[in-house]
Amino acid sequence: MTNKILVTGGAGYIGSHTCIALHETGYEVVVYDNLSNSSREAINRVSTLIGQTIEFIEGDIRDAEMLRQVFTSREFFGVIHFAGLKAVGESVAKPLLYYNNNVSGTINLLEVMAEYNIKNLVFSSSATVYGDPESLPIDENSPRSCTNPYGQSKLTVEHILEDLAVSDDSWNLVALRYFNPVGAHSSGQIGEDPNDIPNNLMPYISQVAVGKLKKLSIFGDDYPTIDGTGVRDFIHVTDLAQGHVSALNYLEQLTSSRSPSDMAKSVGFLPINLGTGKGTSVLELVNAFTEVTGRDIPHQFTGRRAGDIASCYASADKAKTLLGWQAELSIADMCQDTWRWQSQNPSGYNSH
Ligand code: NAD
Ligand code: UFG
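Residues numbered from 1 in each chain as written. Chains lettered and ligands numbered in written order. Predicted model: local features only at pLDDT ≥ 70, side-chain atom pairs only at ≥ 80, totals over all residues. Heavy atoms only, no water.

A. Summary view of the site of ligand 1. By nearness alone, 27 residues border ligand 1, and Asp33, Asn37, Ser38, Lys86 and Tyr150 come closest of all. For ligand 1, an oxygen atom lies 3.3 Å from a polar atom in the backbone of Gly12. Between ligand 1 and the protein, one listed contact pairs an oxygen atom with a side-chain N or O atom of Asn37 at 2.7 Å. About the coverage of ligand 1: the protein hides 95% of its 820 Å² of free accessible area. Elements with a minimum of two residues in the shell around ligand 1: helix 1 (13–24), strand 5 (120–126) and helix 6 (149–167). In terms of residue count, the dominant contributor to the shell around ligand 1 is strand 5 (3 residues). (Near = heavy atom within 4 Å. Polar contact = N/O pair within 3.5 Å; in protein donor to acceptor, adjacent residues only side chain to side chain. Areas by Shrake-Rupley, 256 points an atom, 1.4 Å probe, with all protein chains shown as cover. Helix = DSSP H or I, 4+ residues; strand = E, 2+ residues; numbered from the N terminus.)

In structure tokens form, the structure reads like this:
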């Protein structure tokens, strides 16, 4: 069986870390990315870290002809599909762009996969599909709802994958629902490199720490949480990357042990949370960052951010039971590794 994996969006934050984890486990990686939110430098650095040139194809998931060329000349076990746009605010301003890129792009990819009879997919979903959760921790059977076009694009793709699995039981469609990915590779060579002022908490903290931004605004101090600030399930990107390897291993085992008469035993549509199962408040994260790095993070409390929820953390049981995966790294590791990346690369991939 081939061990080649097509990684769409593999030049991005989570994709680049996953390329390393895949290589370390013996998978062969081909990255397909249009570089709309990433740079070649990330791929160069991944290649340096693994001591081998990663195959990189600059292309768009909406370009069926280009995808056909990629599938014609190579034999893949499956696809890890990270490619997508992810800024919630931008999705409200540009909904057509988000639906086109994230939903039409995924349909296009699935159609080409079907043409080439590649039926194994690991899709980047998000805890955002749970909306404002009714109960905590959030398990995979919790009701789903979304309030913005970005979240809606993820939920729509999940529905498409569910329908596809019903229509044809040879598909294996794993939707990994990430909670809040943070941190960076322990080398400090790759990490999160937002284009503009960061929307997300950890890159904002680290840019304040390095002096690029003056002060963190903490959005809300009156949530019904331990200290009034929002609570999230922060997960180290290295753990998250390993979760993708575990999902692929699971699919490999399943497909290799299957006799022709077992064809109905495909996983169909399989949603799995990737989180630590532990909630940490915004203030706790800020304090942990200061404790680990010695950097003071000037901050002020401002009003709640529209659309934010009070608390969100995963039940991580399904990933453990089914995939044998669980998060290993601590909040201190997340802060330490973020800081190593940020301090060594104050302007991200443009630093050197
Ligand atoms: P990222 O922006 O760093 O990576 C996404 C990559 O996809 C980028 O390299 C971008 O250039 C590429 N891309 C975008 N549209 C493309 C297209 N049409 N064709 C080809 N390539 C395209 O984001 P990330 O944080 O690494 O996220 C990866 C995936 O995980 C995304 O689908 C995102 O929605 C999802 N996700 C991220 C988070 C998070 O907080 N980072 C949380 C939940 C889910
Ligand atoms: N926060 C601040 N100040 C900031 C940024 C964030 O106080 O400058 C707070 C937020 O109010 C929230 C917490 O920090 O309480 C986390 O916010 P993030 O923006 O880092 O993350 P979210 O939980 O809002 O959203 C993230 C991703 C979404 C994804 C969602 C669920 O950005 O794409 O997790 O997976 F949909």
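Now, onward.
B. Structural detail: the packing of aromatic side chains. As enumerated under the stated definition, the model contains 5 aromatic pairs in all. Put simply, the rings of Phe71, Phe76 and Tyr116 touch in pairs and so form one group of aromatic residues. Positioned above the aromatic ring of Tyr223 is the side chain of Arg304, whose terminal nitrogen or guanidinium carbon lies 4.1 Å from the ring centre. (Phe/Tyr/Trp six-rings, centres within 6.5 Å; stacked < 30°, edge-to-face > 60°. Lys NZ or Arg CZ within 6 Å of the ring centre and 35° of its normal.)

C. Seen up close, the site of ligand 2. Not every one of the 21 residues close to ligand 2 is listed here, only the nearest: Asn200, Ser217, Arg232, Arg305 and Asp308. A distance of 2.9 Å separates an oxygen atom of ligand 2 from a polar atom in the backbone of Phe219. Take Asp308: an N or O atom from its side chain is 2.5 Å from an oxygen atom of ligand 2. Coverage of ligand 2 by the protein amounts to 89% of the 680 Å² it exposes when considered alone. Looking at the shell around ligand 2, the elements that each hand over two or more residues are helix 7 (201–209) and strand 8 (216–219). With 4 residues, strand 8 is the single largest residue contributor to the shell around ligand 2. Partitioning the shell around ligand 2 into residue classes produces 10 nonpolar, 7 polar and 4 charged. (Nonpolar A, V, L, I, M, F, W, Y, C, P; charged D, E, K, R; others polar.)

D. Broad picture of the environment of Cys312. Among the structural elements, Cys312 can be located in the loop between strand 13 (299–302) and helix 10 (317–323). Once residues lying within four places of it in the same chain are set aside, the contact partners of Cys312 are Ala127, Leu136, Ile138, Phe179, Val231, Arg232 and Asp233. (Contact = heavy atoms within 4.5 Å.)

E. Main features of the pairing of strand 1 (residues 4–8). Within strand 1, 5 of the 5 residues are buried, leaving the element largely enclosed by the surrounding structure. The two faces of strand 1 match: Lys4, Leu6 and Thr8 on one face and Ile5 and Val7 on the other face are all buried. Where strand 1 and strand 2 (residues 28–33) come together, 5 bridges link them in parallel fashion. Within strand 2, the residue paired with Thr8 across the bridge is Tyr32. (Buried < 20%, exposed > 50% of the residue type's maximum accessible area, 1.4 Å probe, protein only. Pairing = 2+ DSSP bridges.)

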